[in-house]
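Structural description and commentary
Letter by letter, the chains look like this.
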Amino acid sequence: MGDNAQTRWWTDAGVGYVVIDNPPMNVLSDENRRGIRTALEEFRGQDVGAVVLTGAGDRAFCAGADLGEEKHLTDDTVGRFLSRGEQTFRILRDYERPIVGAINGWAMGGGLVLALWCDVRVGSTRAKLGAVGVKVGLMASNVQLSRLFPEGRARDMLLTGRTVEAEEAHRFGLLSSVVAPERLLDEATAWARGMAQRPRDAVAAAKRAVNLALEPEPAP
Amino acid sequence: MRRLDVGGIAIAVVDGACIGQDFERALDADIRLAADTATFSAEGADLSACGRRLARLLGEARAKEIVLGARTFDAANALRLGVVTRVVPSAALPEAVRELTDTLAALPPLALPAVRAAVRAARDLTHDAALAVEHEQFRRLVATRDHKAAVEAFFARRAPVFTGE
């Protein structure tokens, strides 16, 4: 159990929980990045078999990077900005336990990237997902969306930046299930417990294998 | 099948039968939408080319279903398979097309080809190499005037004006 100014985490019955709590839209801050990293490290010593990652409140899972901060990026600082984001995403990907994203509201821009690096996503009926980067002349989540979904689907979201609501997201697999907002944490917990009860080595090996499945095969 | 081009993004609009070379050209577009009366068939098309393209667009299982199954499928099935991402009643098609072209036309023009390049890289390169391409594009885009204009417009709560710079 622990917290920092904008992140909270705890464990319960073999499941670790991490909550991004940066109201009103849960913009991803350095505190959140640190919090996610610290929480996952602590969980390693606490017999955690799976993790649930969610946002506080019912407006947003995570609205991505702070546009105000991003506005001031220069040639010198953009590298650090990108690597900070990527560091967090890689921690989720390389974590040996599965991570369930509980998408409680908006997941857009970098928030969508965060959701896509989770292993499974469940959503509330209020979930709204969008690759909004293109709307502000940027791009993010191209690689993740293109690898997780058929390319036609990825192009549709990435080129229009449009909002995908819970029902459509469920239909094409962006969300694995959709429930009423008050049931979301129970639903995410049920997915996490189901995975936590499987042999841990087998689950870790399966996660690694899927991470590597789309890597191009080396030329003969 | 009609193809439209908005800022270098190809849209295939399918209303009626989409067969053979039309089917191939539709698959080659970036975004596909259809009327509920549309039908699709790979018959008469270059099956190897369709197979390769469909495997990338839909995944291997669905690509084989279409190319080897050799059946004509309707708009509902095209949506289920992911061949199109949107189906609307025939009468609503012009409105849906206008909506989509307006959306694309309102976006900053430099970002669109950058997205396409990164999508392609995601499948052709290793994960790390693809992320490197994405970051390279991001660095370029974050320095553009259009990006600055978009952020300023966002905070000023007005519509941005893009110049392609």
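Because the structure is a prediction, the values reported are computed rather than measured.

**Topic: the overall build of chain A**
A tally of regular secondary structure across chain A gives nine helices and 11 strands. Each principal axis of the C-alpha distribution contributes one length, and for chain A these read about 50 × 45 × 35 Å. Within chain A, the fraction of its 220 residues that count as buried is 50%. Considering only contacts in chain A between residues 6 or more positions apart, those separated by 24 or more positions represent 71%.

**A word on the overall build of chain B**
When you go through chain B residue by residue, the secondary structure sums to eight helices and seven strands. Judged by the C-alpha coordinates and their principal axes, chain B covers about 50 × 40 × 20 Å.

**Concerning the interface of chain A and chain B**
Taken together, the contact pairs 31 residues of chain A with 43 residues of chain B. Looking at the side of chain A that touches chain B, the elements that each hand over two or more residues are helix H3 (78-94), helix H5 (142-148) and helix H6 (151-160) of chain A. Top element by residues in the side of chain A that touches chain B is H6 of chain A. It accounts for nine residues. Partitioning the side of chain A that touches chain B into residue classes produces 14 nonpolar, six polar and 11 charged.

**Considerations on the pairing of strand E1 (residues 2-6) of chain B**
Residue and element names in this part refer to chain B. Bridge count for E1 against strand E2 (residues 9-14) is five bridges, and the pairing is antiparallel. Across the sheet, the residue bridging to Leu4 is Ile11, located in E2. Linking E1 to E2, which pair antiparallel, is a turn of two residues; within it Gly7 sits at a positive phi near 55 degrees.

**A closer look at the nonpolar core**
Val51, Val100 and Met139 of chain A are the most contacted members of the largest nonpolar core, which has 118 residues in total. Among the elements that make up this core, the one with the highest residue count is helix H6 (residues 111-124) of chain B (eight residues). Taken domain by domain, the makeup of this core includes at least three residues from each of domain 1 (2-105) and domain 2 (111-156) of chain B. If we ignore the near neighbours within four places in the chain, the residues touching Val100 of chain A are Ala50, Val51, Val52, Cys118, Asp119, Val120, Val122, Ala188, Trp191 and Ala192 of chain A.

Calculation rules
- Residues numbered from 1 in each chain as written.
- Chains lettered and ligands numbered in written order.
- Predicted model: local features only at pLDDT ≥ 70, side-chain atom pairs only at ≥ 80, totals over all residues.
- Helix = DSSP H or I, 4+ residues; strand = E, 2+ residues; numbered from the N terminus.
- Buried ≥ 20, exposed ≤ 12 C-beta atoms within 10 Å, placed from the backbone.
- Contact = placed C-beta atoms within 7 Å.
- Nonpolar A, V, L, I, M, F, W, Y, C, P; charged D, E, K, R; others polar.
- Pairing = 2+ DSSP bridges.
- Core = buried A, V, L, I, M, F, W, Y, C linked by C-beta atoms within 7 Å.
- Domains from an automatic or database assignment.

So yeah, pure geometry; function would need other evidence.
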